[in-house]
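A look at the structure
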Amino acid sequence: MAQSSLSVESLCLETQNGSPATDPDSGDEWDTDLELNDGKETRRSVSARELYLQACRLVGVVPVSYFLRNLGNTNLNLNHHGLGPQGAQALAIALVSNMTIITLELEDNCLFAEGTKYLAEMIKGSCTIQNLNLSNNHLKSAGAIYMSKMLLDNISLRTIKLSGNEFREEDAKCFTDALSNNYRVKELDLSHNEFSEKGGEHLGQMLANNEGLEMLNLSWNRLRMKGAVALCAGLKVNITLKYLDLSWNGFGNEGALALGEALKFNNTLLHLDLSNNRITNEGVGLLCKGLVANDTLKVLRMAYNSLTVEGALALVTAVKNTPKSALEEINISNVLVNEAFLHLLELTCQEHQALEVLYGGVGGFIAKKLPRRPDPMKVIQDYLDERKLRLWDFFRNIDKDGSMRVPVSDFRKAVQQSSIPLDRFQIEELVQRLDKDRSGNVDYSFLIQP
């Protein structure tokens, strides 16, 4: 085939005449425009199914049966179907006039930049596709250009996933140019790419100017040093972002300092993930300077940084000393704490009752031998025995759907609100015993004897 691009018009004419409108071996270039401008009556007579099948024949690919079976659905999931660039071309032609699909999932299809070009041409004119997933398709720099140009024209997209597409430093500028003045896109996933210092500068500029994004995933990039500082400068003045995932970036203490400064001024961010960022106790201290001035952040995830009980104490102290703090979850799930931490947490939770701190266990240094606490399960059992209740009844009241699995937060709240004489240390010991695989759910099935 001399030229890989083709138009909807050529397919419609083939339907009418029984032969291709343009000879693929003639050497003439086929129209790459997927917009519908002429021949409306002709196109109306061609069903999406017929159009797709003819497009597949012309570009030389096998039709995807799943697509044919789900033409009328609002959610089209073609993840991991091995479409390739030509398969994407046939799909784009079939969808150019589609008014049904809201979510289009095309992850891991080896689309490359070529396939992205066809899809971008189709999507830029779509007024119905709101959610697009093109993750893990080797789009690289050329694909970033096609996507950014599409975003300048599209009016429908709200969620875009572009994880793992080998985007490099300068590719971030494409998204900055496209999204700085875009208020429609609400969620953007650029995780597992290769943004670093320059990329951080561009993305920071985008955050400073954008007034639409609410969720941004930049995990598994290389945002550190100047890149981390520049990104935080943009976050400092951003007025819409609610969820920011920066895990696995190597922010370090320099980045923690910049984030602390940003949190002093930002009043929209609700969820911040800093897991695996090479932050030490010193960095936590710098971050806490921002936490004591912030009254909107609800979730802070800092697991698998270089923290000890000292850093854990600093975080809880920051909440305790900030009456207006909105923090409800602090995740330091790999950090071993000690009795001093548990005591401080108990005092803090008296004023901040919604606060939940996920830590790794109790293993820090304790200066004196502590009195042995009763087994928490025995305390519960004795409490129930006194009231002639069964253990089954206790858990069934929490477990509304009878799955024998209860979210940890619900279990904690139920125990705390009851009159069972358990302190926070005993409740945490109980949670760790019942949530052995750290799934976030208490599994009590092994306790119940039918």
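Residues numbered from 1 in each chain as written. Predicted model: local features only at pLDDT ≥ 70, side-chain atom pairs only at ≥ 80, totals over all residues. Heavy atoms only, no water.

Named according to an unreviewed UniProt entry, the protein is Leucine rich repeat containing 74A originating from Lepisosteus oculatus.

**A short note on the overall build of the protein**
Summing up its helical and strand segments, the protein has 18 helices and 13 strands in all. A burial count over the protein gives 51% of its 450 residues as buried. Taken as a whole, the protein presents about 20,800 Å² of accessible surface, with 49% of it coming from carbon and sulfur. (Helix = DSSP H or I, 4+ residues; strand = E, 2+ residues; numbered from the N terminus. Buried < 20%, exposed > 50% of the residue type's maximum accessible area, 1.4 Å probe, protein only. Areas by Shrake-Rupley, 256 points an atom, 1.4 Å probe, with all protein chains shown as cover.)

**Overview of the pattern of salt bridges**
Taken as a whole, this structure holds eight salt bridges when the rule is applied. Residues glutamate 194 and arginine 168 are paired through a salt bridge, measuring 3.6 Å at the closest nitrogen-oxygen approach. Here the residue glutamate 194 occupies a position in the loop between β5 (187-189) and α9 (197-209), and arginine 168 occupies one in the loop between β4 (159-161) and α8 (171-179), the gap between them amounting to 26 residues. For the salt bridge of aspartate 177 with lysine 173, the shortest nitrogen-to-oxygen distance reads 3.0 Å. (Salt bridge = Lys/Arg side-chain N within 4 Å of Asp/Glu carboxyl O.)

**Structural notes on the packing of aromatic side chains**
Within the structure shown, the criterion is met by four aromatic pairs. Consider the rings of tyrosine 52 and phenylalanine 67, whose centres lie 4.5 Å apart with planes at 75 degrees: the pair is edge-to-face. Here tyrosine 52 is found in helix α3 (residues 48-59), whereas its partner phenylalanine 67 is found in helix α4 (residues 65-69), with 15 residues between them in sequence. In this structure tyrosine 52 comes out as buried when scored by relative accessible area, which is 3%. Look at phenylalanine 341 and tyrosine 359: their rings are 5.7 Å apart centre to centre, the planes differ by 80 degrees, and that puts the pair in the edge-to-face class. Taken together, the residues span a long stretch of sequence, with phenylalanine 341 in helix α14 (residues 339-351) and tyrosine 359 in strand β11 (residues 356-362) at a distance of 18 residues. (Phe/Tyr/Trp six-rings, centres within 6.5 Å; stacked < 30°, edge-to-face > 60°.)

**Observations regarding the packing of α3 against helix α5 (residues 84-95)**
Packing of α3 against α5 brings their axes to within 8 Å, and their N-to-C directions diverge by 150 degrees. In this view, α3 runs roughly antiparallel relative to α5, as classed from their interaxial angle. The handedness of the crossing between α3 and α5 comes out as right-handed. Residues Ala48, Leu51, Tyr52, Ala55, Cys56 and Val59 of α3 pack against Gln86, Gln89, Ala90, Leu91, Ile93 and Ala94 of α5. Here the contact of α3 with α5 is built from residues that sort into ten nonpolar, two polar and no charged. (Axes fitted to C-alpha atoms, helices over the stretch in contact; angles between N-to-C directions. Parallel < 35°, antiparallel > 145°, perpendicular 65-115°, else oblique. Left-handed = near helix turned anticlockwise from the far one by under 90°. Contact = heavy atoms within 4.5 Å. Nonpolar A, V, L, I, M, F, W, Y, C, P; charged D, E, K, R; others polar.)

**Topic: the nonpolar core**
Phe67, Leu119, Leu272, Leu300, Met302, Ile332 and Phe341 are the most contacted members of the largest nonpolar core, which totals 101 residues. If one sorts the elements of this core by residue count, α5 sits on top with seven residues. Apart from residues no more than four positions distant in its own chain, leucine 300 is found in contact with Leu272, Leu274, Leu287, Leu291, Leu315, Leu327, Glu329, Ile330 and Asn331. In terms of nonpolar packing, the next biggest core, distinct from the first, is built from 21 residues, Phe394, Val415, Leu422 and Val442 among them. (Core = buried A, V, L, I, M, F, W, Y, C linked by side-chain atoms within 4.5 Å.)

**As for the packing of helix α7 (residues 140-153) against α8**
Packed helix pairs are specified by the crossing angle of their axes together with the interaxial distance, meaning the distance between the axes. Two numbers describe how α7 lies on α8: the axes approach to 9 Å, and their chain directions differ by 5 degrees. One element, α7, and the other, α8, form an angle in the roughly parallel class. The segment α7 lies against α8, with Lys140, Ser141, Ala144, Ile145, Met147, Ser148, Leu151 and Leu152 engaging Asp171, Cys174, Phe175, Asp177, Ala178 and Leu179.

**Details of α9**
Helix length check: α9 (13 residues) gives 19 Å between terminal C-alpha atoms against 18 Å at 1.5 Å per residue, within 8%. Turning to α9, its buried residues are Gly199, Gly200, His202, Leu203, Gly204, Met206 and Leu207. (Expected span 1.5 Å × (residues − 1).)

**Let's talk about the side chain of asparagine 193**
With respect to the helices, strands and loops of the structure, asparagine 193 is situated in the loop between β5 and α9. Looking at asparagine 193, the relative accessible area reads 5%, which means it is buried. For asparagine 193, the side chain forms a polar contact with the main-chain nitrogen of phenylalanine 167, separated by 3.1 Å. A distance of 3.0 Å separates a polar side-chain atom of asparagine 193 from the backbone oxygen of leucine 190. Discounting residues that sit within four places of it in the chain, asparagine 193 has contacts with Leu162, Ser163, Gly164, Asn165, Glu166, Phe167, Trp220 and Asn221. (Polar contact = N/O pair within 3.5 Å; in protein donor to acceptor, adjacent residues only side chain to side chain.)

**Let's talk about the environment of phenylalanine 67**
On the accessibility criterion, phenylalanine 67 (1% relative accessible area) is buried. Distance in space between the C-alpha atoms of phenylalanine 67 and leucine 78 is 7.5 Å, their sequence separation being eleven residues. Among residues more than four places away in sequence, those in contact with phenylalanine 67 are Tyr52, Leu76, Leu78, Leu91, Ala94 and Leu95.

**Some details on the pairing of β11**
Most of β11 is tucked away, with five of its seven residues classed as buried. In terms of handedness, the path from strand β10 (residues 329-337) via α14 over to β11 forms a crossover that is right-handed. (Right-handed = clockwise from strand over helix to strand, strands pointing away.)

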